Amino acid sequence: MNDIFDVIIIGSGPAGLTAGIYTTRASLSTLIIGGTAWGGQLMLTTEVENFPGFPEGIMGPELIGKIRKQAERFGAVFKEEDVESVDFEVVGDFRVVGDGEQYKGRSIIIATGAQTQWLNLPTEKRLIGRGVSSCAPCDAPFFKEKEVIVVGGGDSAMEEALVLSRFATSVKIVHRRNAFRASEIMQKKVFDNPKISVIWNSEVVDILGEEKVTGVKLKDVGTGETKEVRIDGVFVAIGHKPATEIYSGQVELDEKEYIKVYDHTRTSKVGVFVAGDVHDYRYKQAITAAAFGCMAAMDAEKWLEERKS
Ligand SMILES: Cc1cc2nc3c(=O)[nH]c(=O)nc-3n(C[C@H](O)[C@H](O)[C@H](O)COP(=O)(O)OP(=O)(O)OC[C@H]3O[C@@H](n4cnc5c(N)ncnc54)[C@H](O)[C@@H]3O)c2cc1C
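Below is a summary of the structure that appears in this document. (Residues numbered from 1 in each chain as written. Predicted model: local features only at pLDDT ≥ 70, side-chain atom pairs only at ≥ 80, totals over all residues. Heavy atoms only, no water.)

## Describing the overall build of the protein chain
Then comes step 1: Looking only at helices and strands, one finds six helices and 19 strands in the protein chain.
Then comes step 2: On C-alpha atoms alone, the protein chain measures out to a radius of gyration of 21 Å, which is about the 19 Å that the 2.2 N^0.38 rule sets for 309 residues.
Then comes step 3: Classification of the 309 residues of the protein chain by burial places 51% in the buried group.
Then comes step 4: Here the contacts in the protein chain between residues at least 6 apart in sequence split such that 59% fall between residues at least 24 apart. (Helix = DSSP H or I, 4+ residues; strand = E, 2+ residues; numbered from the N terminus. Rg over C-alpha atoms; globule rule 2.2 N^0.38 Å. Buried < 20%, exposed > 50% of the residue type's maximum accessible area, 1.4 Å probe, protein only. Contact = heavy atoms within 4.5 Å.)

Listed below in structure tokens is the structure:
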């Protein structure tokens, strides 16, 4: 293996893998440290209908498998390891430790994504892509003429509910408290929408269904009483957690702990670039993550070129 790679990419979702296609095709030696949960968020889902190039749709893991193959075809070295720590102190001689081994890189692309915060119910993981989702722009069209719930009380929950209301017959927002923390303007849109209703002071304590979601069990947080509600879909909108712990003190993070970006894909550290959901809390789509991967790779390539001259 190389003593020092031109580029080390941390993360192997659409952002990291696309970056790998671009860096390898630019003849840069590339190490992708993809994580033990390699492939990222799309490995959790079933059908992806909005990634260009697949008119019939494609299963999430199959799409990721193809992008990984494309990056490896051009020579990317792939490690299914988690990065435990990074040292970005010396520009151009960056250190990354994964599985006890230290790797050196002339440049770095951070693409570690942002984890959906799930409800952590026993049936939830099994039913992701089978009625459970965290992405209305991705999955709302699957719920035409269906009944769905959205869990949460912030702006993202309002947005998810509004998107879903264009497809579903009814959308119920389940919220733990008796008031939302979402902005007034988003709340107004929700309250004005005849398809959306709210179940206050309630928690989802179980998601029901074998092959697909058939209902949820709700608990009234005041009385402790439980009841089952028949439902076709559950959209969890209680937040995302960017995977940025390992960069603390190495690159600047914003107030939400996402990587802070300067000038497209540059971070606060010269030679360290960023791509995908780990800095983008707005779009959070596979295609936008892939596009950011392309941009970060091109910026890294240009930066490496400039350093040589
Ligand atoms: C259920 C679900 C369905 C979705 N459906 C769609 C859809 O239909 N269409 C669409 O466009 N988008 C969809 N999305 C959103 C899409 O999956 C994300 O926007 C996209 O995956 C973000 O890509 P990314 O590369 O930035 O991050 P991720 O896909 O999150 O990948 C991050 C990668 O970083 C790795 N990583 C994290 N920490 C470390 C570490 N310390 N060391 C090494 N590696 C690390 C992870 O293992 C992972 O490989 C969906 C998301 C979910 C959750």
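## What to know about helix H6 (residues 286–308)
Then comes step 1: Over its 23 residues, H6 extends 33 Å from the first C-alpha to the last, a length consistent with the 33 Å expected when each residue adds 1.5 Å.
Then comes step 2: Those residues of H6 not exposed but buried are Ala 286, Ala 289, Ala 290, Phe 292, Gly 293, Cys 294, Ala 296, Ala 297, Ala 300, Trp 303 and Leu 304.
Then comes step 3: Close packing links the buried residues of H6 with strand E1 (5–10), helix H1 (14–25), strand E8 (101–110) and strand E19 (272–274). (Expected span 1.5 Å × (residues − 1).)

## Structural notes on the pairing of strand E6 (residues 83–87)
Then comes step 1: Both E6 and strand E7 (residues 94–98) contribute to a ladder of four bridges, which runs antiparallel. Among the inter-strand pairings, Val 83 is bridged to a residue of E7, identified as Gly 98.
Then comes step 2: Counting the residues in the hairpin turn of E6 and E7 gives six residues, including Gly 92, whose phi is positive at 90 degrees. (Pairing = 2+ DSSP bridges.)

## Notes on the site of the ligand
Then comes step 1: Close to the ligand lie 36 residues; Ala 37, Asn 50, Val 83, Asp 277 and Ala 286 are nearest.
Then comes step 2: The separation between an oxygen atom of the ligand and a polar main-chain atom of Gln 41 is 3.0 Å.
Then comes step 3: At a separation of 3.4 Å, an oxygen atom of the ligand approaches a polar backbone atom of Thr 112.
Then comes step 4: For the shell around the ligand, the secondary structure elements donating two or more residues are H1 and H6.
Then comes step 5: Grouping the amino acids of the shell around the ligand by side-chain chemistry returns 16 nonpolar, 16 polar and four charged.
Then comes step 6: When residues are assigned to domains, the shell around the ligand turns out to be shared by domain 1 (5–115 + 241–308) and domain 2 (118–236), each giving three or more. (Near = heavy atom within 4 Å. Polar contact = N/O pair within 3.5 Å; in protein donor to acceptor, adjacent residues only side chain to side chain. Nonpolar A, V, L, I, M, F, W, Y, C, P; charged D, E, K, R; others polar. Domains from an automatic or database assignment.)

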